[in-house]
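# Working through the structure, step by step
Residues per chain are reported as follows:
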Amino acid sequence: ISRAFQSFSAALKAGFTAIDTAHEYGNQEGVAKALQTVPRKSVFVETKVPGCVTDPSSLNPFRCYSATQKNLANDLHELNLSYVDLVLLHYPPA
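Residues numbered from 1 in each chain as written. Predicted model: local features only at pLDDT ≥ 70, side-chain atom pairs only at ≥ 80, totals over all residues. Heavy atoms only, no water.

Moving on, we get to the packing of helix 1 (residues 2-13) against helix 2 (residues 28-35). In contact at an axis separation of 8 Å, helix 1 and helix 2 are set at 40° when each is read in the N-to-C sense. Considering the angle they form, helix 1 stands oblique to helix 2. Every pair of crossing elements has a handedness; the one defined by helix 1 and helix 2 is right-handed. Here Ala 4, Phe 5, Phe 8, Ser 9 and Leu 12 of helix 1 lie close against helix 2, whose contacting residues are Gly 30, Val 31, Lys 33, Ala 34 and Leu 35. Tallied by class, the residues present in the contact of helix 1 with helix 2 amount to seven nonpolar, two polar and one charged. (Axes fitted to C-alpha atoms, helices over the stretch in contact; angles between N-to-C directions. Helix = DSSP H or I, 4+ residues; strand = E, 2+ residues; numbered from the N terminus. Parallel < 35°, antiparallel > 145°, perpendicular 65-115°, else oblique. Left-handed = near helix turned anticlockwise from the far one by under 90°. Contact = heavy atoms within 4.5 Å. Nonpolar A, V, L, I, M, F, W, Y, C, P; charged D, E, K, R; others polar.)

This brings us to the environment of Ala 18. If you trace the backbone, Ala 18 turns up in strand 1 (residues 18-20). Classification of Ala 18 by relative accessible area gives partly exposed; the value is 47%. For the pair Ala 18 and Val 45, spaced 27 residues apart in the sequence, the C-alpha separation amounts to 5.8 Å. Dropping the residues within four chain positions of it, Ala 18 is found in contact with Val 43 and Phe 44. (Buried < 20%, exposed > 50% of the residue type's maximum accessible area, 1.4 Å probe, protein only.)

A few words on the nonpolar core. Of all hydrophobic cores here, the largest spans 13 residues; its most connected members are Ile 19, Leu 35, Val 45 and Leu 81. Those elements that place two or more of their residues in this core are helix 1, helix 2 and helix 3 (61-79). When residues no more than four places from it in sequence are discounted, the contact partners of Val 45 are Ile 19, Leu 35, Arg 40, Leu 79, Leu 81, Val 84, Asp 85 and Leu 86. (Core = buried A, V, L, I, M, F, W, Y, C linked by side-chain atoms within 4.5 Å.)

Turning to the packing of aromatic side chains, a few remarks are in order. Taken as a whole, this structure holds zero aromatic pairs when the rule is applied. The cationic tip of Lys 33 hangs over the ring face of Phe 5; the distance from NZ or CZ to the ring centre is 4.6 Å. Its end group placed over the ring of Tyr 83, Arg 40 keeps NZ or CZ at 4.2 Å from the ring centre. (Phe/Tyr/Trp six-rings, centres within 6.5 Å; stacked < 30°, edge-to-face > 60°. Lys NZ or Arg CZ within 6 Å of the ring centre and 35° of its normal.)

What the three strands build is an open sheet, ordered 1-2-3; its pairing is parallel. On the outer flanks of this sheet lie strand 1 and strand 3 (86-90), each paired with one strand and no other. Neighbour to neighbour, the strand axes of the sheet diverge by 20° on average, direction disregarded. For strand 1 and strand 2 (residues 44-50), the ladder comprises three bridges, and the chain directions are parallel. Note that in strand 2 the partner of Asp 20 across the bridge is Glu 46. (Pairing = 2+ DSSP bridges.)

Applying the stated criterion to the full structure yields three salt bridges. Measuring nitrogen to oxygen at the nearest pair gives 3.0 Å for the salt bridge that ties Asp 85 to Arg 40. You can see Asp 85 sitting in the loop between helix 3 and strand 3 and its partner Arg 40 sitting in the loop between helix 2 and strand 2, a full 45 residues away along the chain. Assessed through its relative accessible area of 33%, Asp 85 is described here as partly exposed. What makes Arg 40 buried here is its relative accessible area of 18%. The network of salt bridges with common partners includes Asp 20, Glu 46 and Lys 48. (Salt bridge = Lys/Arg side-chain N within 4 Å of Asp/Glu carboxyl O.)

Structure follows, in structure tokens:
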């Protein structure tokens, strides 16, 4: 946590207004802690969820949709946020 927290806190203090993260980066706990130091509306938060084509069993659009919802819910929990500003499909996988 401390390295991610320190890096993102320094970026926010320097005037950065956007944060790009993903569960695969392993930094969301530090990002969450850094985001608590500024008003939420002042930062554009982007996260990524895995693309469904990496798992042949999720080629069914309903299963893919469900998996995407679950991944996004996990990201929101890890980031301690009720919303993010942008969600991207992370492909190719990390």
